Amino acid sequence: MNTLLLKENKQDIEKAAEILKNGGLVGLPTETVYGLAANALNGKSVAKIFEAKGRPMDNPLIVHIADFSDIEKYNLVSEIPKQAYKLADAFWPGPLTIIMKKSNIIPNEVSAGLSTVAIRFPSHPVAQRVIKASGVPLAAPSANLSGSPSPTTALHVINDLNGKIDAVIDGGVCDVGLESTVITLATEVPRVLRPGGITVEQLSSVLGKIDVDDAVVHKLKDGAVASSPGMKYKHYAPKSNVILLNCSDSEYIEYVNNRADDDVAALCCDEDIEHLEVCTYSLGRRNDYKAHAQNLFDMLRKIDDDGVAKTVYSRLPSIKGVGLAVYNRLIRAAGFEVIDLEKD
Ligand code: TXA
Ligand code: MG
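Residues numbered from 1 in each chain as written. Chains lettered and ligands numbered in written order. Predicted model: local features only at pLDDT ≥ 70, side-chain atom pairs only at ≥ 80, totals over all residues. Heavy atoms only, no water.

A.B. asks: Sorry, what's going on with the sheet that holds strand β5 (residues 96–101) here?
C.D. replies: Within a sheet, adjacent strands bond to each other through the backbone by hydrogen bonds, running parallel or antiparallel. In space, the 11 strands of this open sheet follow the order β1-β8-β2-β3-β7-β4-β6-β5-β9-β10-β11, with mixed pairing throughout. Taken across any chain shown, the strands that pair with only one partner, and hence form the sheet edges, are β1 (4–6) and β11 (211–212). Judged from the 2 bridges that link them, strand β2 (residues 26–28) and strand β8 (residues 167–169) form a sheet pairing that is parallel. Residue V26 lies in a different strand from β8, and its bridge partner there is A167. (Pairing = 2+ DSSP bridges. Helix = DSSP H or I, 4+ residues; strand = E, 2+ residues; numbered from the N terminus.)

Right, dumping it as structure tokens:
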């Protein structure tokens with residue numbers, strides 16, 4: 001299959017919509033990461049997403065809409081909980097996914113056999129225009145090969161999926177850089193299943209008491225059932241071995257420089273670069289967590305593309321604000337491998 005590279009003009013958006021209406025797959029920009037979209041109401045089209053990505057069939061997809069009223073218009077859920085209105089008022093359109101009880105219209109391929117469905121109203125104008133032009137809600141996971149870092153540019157999508165999907169729309173670099181925050185309203189107390197651009201602090205300022213799923217920062221215990229199936233897979237894994245260090249800034253520099261001979265690289269901050277004697281990949285200024293989120297996946301991909309580092313050392317990120325989302329992705333990229341220098 002020849003993958004078309006489309007632009008964000010009217011003609012190309014219509015072309016993308018046409019492909020989607022005809023059951024095809026289109027990679028498109030959102031404010032979080034690029035998504036791989038198909039008509040969410042057509043199980044056969046949705047099944048192609050799993051094939052192209054090599055995604056396990058038991059991992060459900062997010063349904064993307066272009067207005068809150070689409071939930072009722074397409075009859076996506078069995079009931080809209082009160083908290084959903086509050087969350088939508090505060091954070092939609094934007095990087096928040098809300099899980100609710102699904103209606104019968106949702107194909108099994110989307111919900112992977114669960115009784116719930118995840119819904120998101122993205123703020124990216126291109127995503128909104130494509131959803132509106134295709135006249136259907138769009139099921140879209142991140143547009144990467146399953147297991148590799150999510151794509152934050154059209155080139156990342158091409159690198160992973162060229163020849164496997166019908167088209168990609170180039171909408172530049174994604175603003176947030178990490179996937180949306182996922183919260184479920186299908187539990188008694190709303191529960192964050194995946195941290196993202198909307199922080200836990202922001203969510204609880206609107207909802208009051210919320211829970212944060214254990215799997216956000218901890219490895220699932222063997223045999224435990226994941227509230228969000230995506231949590232159980234080793235995600236975002238670069239080919240190099242990523243190891244996280246729990247230590248001070250100076251300990252980090254010393255630890256890494258002591259290993260400078262051994263095909264080592266540092267996933268670090270701008271301020272570290274002049275002190276490090278190894279190849280560096282910077283996430284941005286030390287306290288700029290938003291920049292860390294935006295750059296993380298791009299840097300993980302660069303490390304792979306350069307192919308020089310066998311081991312990559314990074315510091316354990318802060319869990320404050322959007323730092324929690326960076327922590328959640330990085331600890332998975334590291335396969336939960338953390339060396340605690342503070343303990344010594
Ligand atoms: O920012 C995003 O959310 C991007 C863009 C394209 O919108 N999409 C994305 O989709 O990250 P994906 O498929 O890569 O991640 C969706 C996550 C998975 O961890 C999945 O298990 C979880 O949401 N999920 C989806 N539906 C669910 C449900 N009904 N119950 C629990 N978890 C669900
Ligand atoms: Mg994904």
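A.B. asks: Please explain the pattern of salt bridges as it appears in this structure.
C.D. replies: Close approach of charged atoms lets side chains of opposite charge pair. Scanning all chains against the criterion turns up 17 salt bridges. With a closest N to O distance of 2.7 Å, R120 and E31 form a salt bridge. Here R120 is found in strand β6 (residues 116–120), whereas its partner E31 is found in the loop between β2 and β3 (35–39), with 89 residues between them in sequence. We note that R120, like E31, is buried. For K302, the salt bridge goes to D298, with nearest N and O atoms at 2.9 Å. A residue pair is termed a helical-turn pair when its members lie 3 or 4 positions apart in one helix, as K302 and D298 do in helix α10 (residues 289–306) at 4 residues. (Salt bridge = Lys/Arg side-chain N within 4 Å of Asp/Glu carboxyl O. Buried < 20%, exposed > 50% of the residue type's maximum accessible area, 1.4 Å probe, protein only.)

A.B. asks: Got a minute to help me understand the nonpolar core in this structure?
C.D. replies: Taken as a class, soluble globular proteins show a tendency for nonpolar side chains to be buried jointly. If you look at the biggest cluster of nonpolar residues, it comprises 49 residues, and the most contacted ones within it are L87, W92, L96, I119, I183 and L203. Among the nonpolar cores identified, the runner-up in size contains 25 residues, and A265, L296, L300 and A333 belong to it. (Core = buried A, V, L, I, M, F, W, Y, C linked by side-chain atoms within 4.5 Å.)

A.B. asks: I keep staring at the packing of aromatic side chains and nothing clicks. Help me out?
C.D. replies: If you walk through the whole model with that rule in mind, you get 4 aromatic pairs. Seen in terms of ring centroids, F68 and Y85 are 5.3 Å apart; in terms of plane orientation they differ by 45°. Their pairing is tilted. Placement of the pair is F68 in the loop between β4 (62–64) and α3 (70–73) and Y85 in helix α4 (residues 82–91), with a sequence separation of 17 residues. What makes F68 partly exposed here is its relative accessible area of 21%. The class of Y85 is partly exposed, set by a relative accessible area of 40%. Between W92 and F121, the ring centres sit 6.4 Å apart and the planes meet at 70°, which makes this aromatic pair edge-to-face. (Phe/Tyr/Trp six-rings, centres within 6.5 Å; stacked < 30°, edge-to-face > 60°.)

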